[in-house]
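Close look at the chain arrangement
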Amino acid sequence: LLPRFHHAVDVIIFNPPYVPTPDTEVSGNGIEASWAGGERGRRVIDRALPQIAQLLSRPNGRCYMITVDDNEPEEIARELSDKFGLNMIPLVRRRACNEFLTVQKITWI
């Protein structure tokens, strides 16, 4: 998939499993795998960052990703900038029960 779509995807919508859980739940087979994000809720997010950079078209590709505060979005933004030349800014923030969900907009610097 990655070689075929290298820098060819204009928009990515990414709603990863972001809930902080024990790492063992991330690769589970039950329903918990749909929300289990592992330590800091970042196991799937961290694996996806280089793929987002490989897939997004240049210069106008966009990725919209859901995060919660426990994911440490400021750290994600620094990593995207330092390692991949991408910028991440919060676009929309909403309270959902006991957590705040943020739609992050990721673009090329």
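These lines cover the structure that appears in this document, whether it is placed above or below. Since the structure is predicted, the reported quantities are computational estimates derived from the model, not experimental observations. (Residues numbered from 1 in each chain as written. Predicted model: local features only at pLDDT ≥ 70, side-chain atom pairs only at ≥ 80, totals over all residues. Heavy atoms only, no water.)

1. Some points on the overall build of the protein
- Across its full length, the protein carries 2 helices and 4 strands.
- For 109 residues, the compact-globule formula gives about 13 Å, and the C-alpha radius of gyration of the protein, at 14 Å, lands near that figure.
- When burial is assessed residue by residue, the protein has 37% of its 109 residues classed as buried.
- Sequence separation of 24 or more characterises 60% of the internal contacts of the protein that already satisfy a separation of 6 or more.
- Accessible surface, the protein as shown: approximately 6500 Å² in total, 53% of it carbon and sulfur.
- A distance of 8 Å separates the average location of the 13 positive side-chain charges in the protein from that of its 14 negative side-chain charges. (Helix = DSSP H or I, 4+ residues; strand = E, 2+ residues; numbered from the N terminus. Rg over C-alpha atoms; globule rule 2.2 N^0.38 Å. Buried < 20%, exposed > 50% of the residue type's maximum accessible area, 1.4 Å probe, protein only. Contact = heavy atoms within 4.5 Å. Areas by Shrake-Rupley, 256 points an atom, 1.4 Å probe, with all protein chains shown as cover. Lys, Arg positive; Asp, Glu negative; His and termini not counted. Charge placed at Lys NZ, Arg CZ, Asp CG, Glu CD.)

2. Section: the sheet that holds strand β2 (residues 62–68)
- As summarised here, the arrangement of the 4 strands in space is β1-β2-β4-β3, forming an open sheet in which the pairing is mixed. With partners counted over all chains shown, the strands left at the sheet margins are β1 (11–14) and β3 (86–96), one partner each. Geometrically, the sheet is characterised by an average inter-axis angle of 20 degrees between neighbouring strands, direction not taken into account.
- Of the strand pairs in this sheet, β3 and strand β4 (residues 99–108) are connected by 10 bridges, and their pairing is antiparallel. In the strand pairing of β4, proline 90 is matched with glutamine 104.
- Across the sheet, helix α1 (residues 43–55) is in contact with β1, β2, β3 and β4; its angle to β1 comes to roughly 170 degrees.
- Contacts from helix α2 (residues 73–84) reach β2, β3 and β4 within the one sheet, and its direction differs from that of β3 by about 160 degrees. (Pairing = 2+ DSSP bridges. Axes fitted to C-alpha atoms, helices over the stretch in contact; angles between N-to-C directions.)

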